[in-house]
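Understanding the architecture of this molecule
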Amino acid sequence: MSNETLLTRRGLFMKLGVLFNAIVAAMLAVPILRYLLSSVTLKRANAYADWVPLGPVGQFPEGETRLATFRNPFVMPGDGQTADTACWVRRIEGEQFQVFAVNCAHLGCPVRWFPQSGLFMCPCHGGAYYRDGSRASGPPERGLFEYPSTIQLGILKIHAGELPTPGPNAALYRKRPPCA
Ligand code: FES
């Protein structure tokens, strides 16, 4: 094999290596750039104020508490199912609703509704809440967090952009003081 052939083969492999690295770099750069530019390219500034639909009012029977899911308004294309967020919907009667965050007010474990006992129970440390979301027993110091809700054209909607907290912003929507 001549030196000229060896050099040509080496040069070819070198070019293939550079091409392969360029392809991998481009593949890695796309999601990174999308992440960095997402605050500019996605119109999410008003997501806090958006009403997020939970479904037709008729799908929540009076006197019952049902699990529902909604899309987090800050969803990004790559979020997939992780943007589906659960909540508990209690239809008291008529158009009176309560919508609770699924997370325990202690350390955030998902609570479950037990219609037989009329309690939300937390599997982590035994926290319990009454049907109206108020604290019944256990480590949580307060009741379940509640989303502000409304009905528009027969669709139950909530303010979901801001996770409910005892802080002042959530309280603004509810028009009552924090931790009320
Ligand atoms: S996380 Fe629910 S009681 Fe601790």
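Above this text you will find the structure in question.
Attention here is on the structure that accompanies the text. Predicted model only: the values in this text are computed from it and were never measured.

1. What about the overall build of the chain?
Counting its regular elements, the chain contains two helices and 11 strands. Start at the N end of the chain and walk to the C end: the helices and strands fall as α-β-β-β-β-β-β-β-β-β-β-β-α. Residue pairs at least 24 apart in sequence account for 46% of intrachain contacts in the chain once pairs closer than 6 positions are excluded. Per element, the accessible surface of the chain, about 11,600 Å² overall, is 60% carbon and sulfur.

2. Considerations on the pattern of salt bridges
The final tally for this structure, using the stated rule, is two salt bridges. Residue Glu64 pairs with Arg66 through a salt bridge whose shortest N-O separation is 3.1 Å.

3. Describing the sheet that holds strand β6 (residues 119-121)
In space, the four strands of this open sheet follow the order β5-β6-β7-β8, with antiparallel pairing throughout. For this open sheet the edge positions go to β5 (112-114) and β8 (135-137), each flanked by a neighbour on one side alone. Between one strand axis and the next, the sheet turns by 35° as a mean value, whatever way the strands run. Looking at chain direction, strand β7 (residues 128-130) and β8 are connected through two bridges and run antiparallel. Within β8, the residue paired with Tyr129 across the bridge is Arg135.

4. What to know about the environment of Leu67
Among the structural elements, Leu67 can be located in strand β2 (residues 65-71). Excluding residues within four positions of it along the chain, Leu67 makes contact with Ala86, Cys87, Trp88 and Val102.

Analysis parameters
Residues numbered from 1 in each chain as written. Predicted model: local features only at pLDDT ≥ 70, side-chain atom pairs only at ≥ 80, totals over all residues. Heavy atoms only, no water. Helix = DSSP H or I, 4+ residues; strand = E, 2+ residues; numbered from the N terminus. Contact = heavy atoms within 4.5 Å. Areas by Shrake-Rupley, 256 points an atom, 1.4 Å probe, with all protein chains shown as cover. Salt bridge = Lys/Arg side-chain N within 4 Å of Asp/Glu carboxyl O. Pairing = 2+ DSSP bridges. Axes fitted to C-alpha atoms, helices over the stretch in contact; angles between N-to-C directions.

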